[in-house]
Amino acid sequence: MTLLKAAAEVRENAYAPYSRFKVGAALRGKSGAMYRGCNVENVAYPEGTCAEAGAIAAMVAAGETEFIELCVIADSPSPVPPCGGCRQKLAEFARSEVPVTLATTDGKQMHTTVGDLLPGRFDPSHMDRA
Ligand code: THU
């Protein structure tokens, strides 16, 4: 199954009663295994989690800490970019050149990379004096 199809499928399971905006994410771990996530909202709004965070959690729970490809999909006029917090989360588990596909349910796609999503990111080297 392609990452795009996996992301589209898991999107259907999103729990988004407040925003009504369902998002699906699928990533490919270094092992080749695929991990999926959808957004899970909460009546206490800040407690909701993004689709990307769910996919990362599934990967880590399965014992992997690196992914090599990501796809995110939503029903949006244009491909939805990951939020700021998710960009930092994604950068934790992927090399800068890892390809990211952002897609809409009606077939639009935008291609970027984990590095381009978060230039100037905070990384472990910034704590070298600690
Ligand atoms: N959302 C995601 O899951 N991923 C994104 O990349 C953008 C936003 C979710 C969070 C919230 O449940 C809903 O979309 C509206 O912001």
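Above this text is the structure in question.
Residues numbered from 1 in each chain as written. Predicted model: local features only at pLDDT ≥ 70, side-chain atom pairs only at ≥ 80, totals over all residues. Heavy atoms only, no water.

> Would you mind going over the overall build of the chain in detail, with residue names and values included?
Of the regular secondary structure elements, the chain holds 4 helices and 5 strands. Element order for the chain, N to C, with α for helix and β for strand: α-β-β-α-β-α-β-β-α. Taking 14 Å as the expected radius of gyration for a compact globule of 130 residues, we find that the chain reaches 14 Å, a close match to that expectation. A burial count over the chain gives 39% of its 130 residues as buried. Within the chain, residue pairs in contact and separated by at least 24 positions form 60% of the contacts whose partners lie at least 6 positions apart. Accessible area for the chain stands at about 7300 Å²; split by element, carbon and sulfur atoms hold 55% of it. In the chain, 13 side chains carry a positive charge and 15 a negative one; their mean positions are 2 Å apart. (Helix = DSSP H or I, 4+ residues; strand = E, 2+ residues; numbered from the N terminus. Rg over C-alpha atoms; globule rule 2.2 N^0.38 Å. Buried < 20%, exposed > 50% of the residue type's maximum accessible area, 1.4 Å probe, protein only. Contact = heavy atoms within 4.5 Å. Areas by Shrake-Rupley, 256 points an atom, 1.4 Å probe, with all protein chains shown as cover. Lys, Arg positive; Asp, Glu negative; His and termini not counted. Charge placed at Lys NZ, Arg CZ, Asp CG, Glu CD.)

> Could you give me a rundown of the sheet that holds strand 3 (residues 67–74), with the residues and numbers involved?
Taken in spatial order, the 5 strands make up an open sheet running 2-1-3-4-5, and their pairing is mixed. Only two strands of the sheet have a single neighbouring strand rather than two, namely strand 2 (34–38) and strand 5 (109–113). For this sheet, the mean inter-axis angle between neighbouring strands, taken without regard to orientation, is 15 degrees. Of the pairings in the sheet, the one linking strand 1 (residues 23–29) to strand 2 comprises 5 bridges and is antiparallel in character. Each bridged residue has a counterpart across the sheet, and for Leu27 the counterpart in strand 2 is Tyr35. (Pairing = 2+ DSSP bridges. Axes fitted to C-alpha atoms, helices over the stretch in contact; angles between N-to-C directions.)

> If you had to explain the site of the ligand to someone new, which residues and values would you point to?
In the vicinity of the ligand, the contacting residues are Ser19, Phe21, Val23, Asn39, Glu41, Cys50, Ala51, Glu52, Val80, Pro81 and Pro82. At a separation of 2.9 Å, an oxygen atom of the ligand approaches a polar side-chain atom of Asn39. At 2.6 Å from an oxygen atom of the ligand is found a side-chain nitrogen or oxygen belonging to Glu52. Within the complex, 76% of the 370 Å² of free accessible area of the ligand lies under protein. (Near = heavy atom within 4 Å. Polar contact = N/O pair within 3.5 Å; in protein donor to acceptor, adjacent residues only side chain to side chain.)

> I'd love a proper account of helix 3 (residues 84–92), names of residues and values included.
Every buried residue of helix 3 is listed here: Cys86, Leu90 and Ala91. Looking straight down helix 3, one finds that the buried residues subtend no more than 140 degrees of arc, so they occupy a single side. Structurally, helix 3 contributes buried residues whose contacts are with helix 2 (51–61), strand 3 and helix 4 (114–117). (Arc of directions from axis to C-beta.)

Bear in mind that shape data such as this cannot, by itself, settle questions of function.
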